[in-house]
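Reading the structure
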Amino acid sequence: MKSNHSDFIAIYNQYKILVYNVALHYLQNVEDAEEITQDVFVQIHNSLASFNEKSSLKTWIYRITINKSLDFIKHKNSVKRFFIFGKKSENELELNNISNFEHPGIELENKENAAILFSVINELTENQKTAFILSKIDGLSNPEIAEIMNVSISSVESLVFRAKTILKEKLSKKFENYRKK
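Residues numbered from 1 in each chain as written. Predicted model: local features only at pLDDT ≥ 70, side-chain atom pairs only at ≥ 80, totals over all residues. Heavy atoms only, no water.

1. A short note on the pattern of salt bridges
Counted according to the given criterion, the structure contains four salt bridges. Here Lys 76 and Asp 32 are joined by a salt bridge, their closest N and O atoms 2.4 Å apart. Here Lys 76 is found in helix α3 (residues 57–85), whereas its partner Asp 32 is found in helix α2 (residues 30–47), with 44 residues between them in sequence. By relative accessible area, Asp 32 is classed as buried at 10%. In this structure, the salt-bridge partner of Glu 123 is Lys 170, at a minimum N-O distance of 2.9 Å. With Glu 123 in the loop between α5 (111–121) and α6 (126–137) and Lys 170 in helix α8 (residues 153–180), this residue pair connects regions lying 47 residues apart in the sequence. (Salt bridge = Lys/Arg side-chain N within 4 Å of Asp/Glu carboxyl O. Helix = DSSP H or I, 4+ residues; strand = E, 2+ residues; numbered from the N terminus. Buried < 20%, exposed > 50% of the residue type's maximum accessible area, 1.4 Å probe, protein only.)

And the structure:
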């Protein structure tokens, strides 16, 4: 795909909300999602000329966003472990903000339940988490998810089924413990 500035602006305008929402589903933090959105569009801008159109542009953008989000989570978790095992940060907020739950689409009275739900979603394997988010939160079809994840449709079905089973089990335990408090 030959790119120019107007192509990039059109892509940005069409996909900025999708990229932000996908990043937000993974990270549950507005600032982190904004950072990932910026990183994704920098990569798109730098790679647009070499986009080979083997998949759709939307699929390519989903892949970039998911990979950037997962890499961000891995980096944040390694920073968190460094603080636990290494030198403690001078800034207490820096350490506490690492696992901050902040999702603007969730009303205040539901934030505690949503935080519990997302904490359990975050315990899923990367593939289960990706399949679940794309299916149940983004509402994509199994064929779309299969293309984005580069797996078979039956693999997507299996991943979503396992994710739902694990979530049901873990959430019932979490809310059981929550009710006991």
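Now that the structure is up, let's keep going.
2. Looking at the packing of aromatic side chains
Under the defined criterion, the tally for this structure stands at three aromatic pairs. Both rings, one in Phe 8 and one in Phe 41, keep their centres 6.3 Å apart while their planes meet at 75 degrees; by these two values the pair is edge-to-face. Here Phe 8, found in helix α1 (residues 5–27), pairs with Phe 41, found in helix α2; they are 33 residues apart in sequence, far enough to count as distant. Per residue, the accessibility class of Phe 8 equals that of Phe 41, and both read buried. Taking the centre distance of 4.6 Å and the plane angle of 35 degrees together, the rings of Phe 51 and Trp 60 count as tilted. Taken together, the ring pairs in this structure connect Phe 8, Tyr 12 and Phe 41 into an aromatic cluster. (Phe/Tyr/Trp six-rings, centres within 6.5 Å; stacked < 30°, edge-to-face > 60°.)

3. Focus: the side chain of Gln 28
Tracing the sequence through the fold places Gln 28 in the loop between α1 and α2. Looking at Gln 28, its side chain comes within polar contact range of the main-chain oxygen of His 25, at 2.6 Å. Polar contacts involving the side chain of Gln 28 include one to the main-chain carbonyl oxygen of Tyr 26, which spans 3.2 Å. (Polar contact = N/O pair within 3.5 Å; in protein donor to acceptor, adjacent residues only side chain to side chain.)

4. Some points on the nonpolar core
Ranked by internal contacts, the top residues of the largest apolar core, which has 45 residues, are Ile 44 and Ile 61. Where this core is concerned, the elements lending two or more residues are α1, α2, α3, α5, α6, α7 (142–149) and α8. With 10 residues, the top contributor of residues to this core is α1. Filtering out sequence-adjacent residues up to four positions away, Ile 44 remains in contact with Phe 8, Ile 11, Trp 60, Ile 61 and Ile 64. (Core = buried A, V, L, I, M, F, W, Y, C linked by side-chain atoms within 4.5 Å. Contact = heavy atoms within 4.5 Å.)

5. Comments concerning the confidence of the model for the protein chain
Residue-level pLDDT values for the protein chain average 82, and 77% of them are 70 or greater. Under a pLDDT of 50 for its full length, residues 87–99 has, in the predicted model, 14 contacts with residues more than four places off or in other chains. (pLDDT = per-residue confidence, 0-100.)

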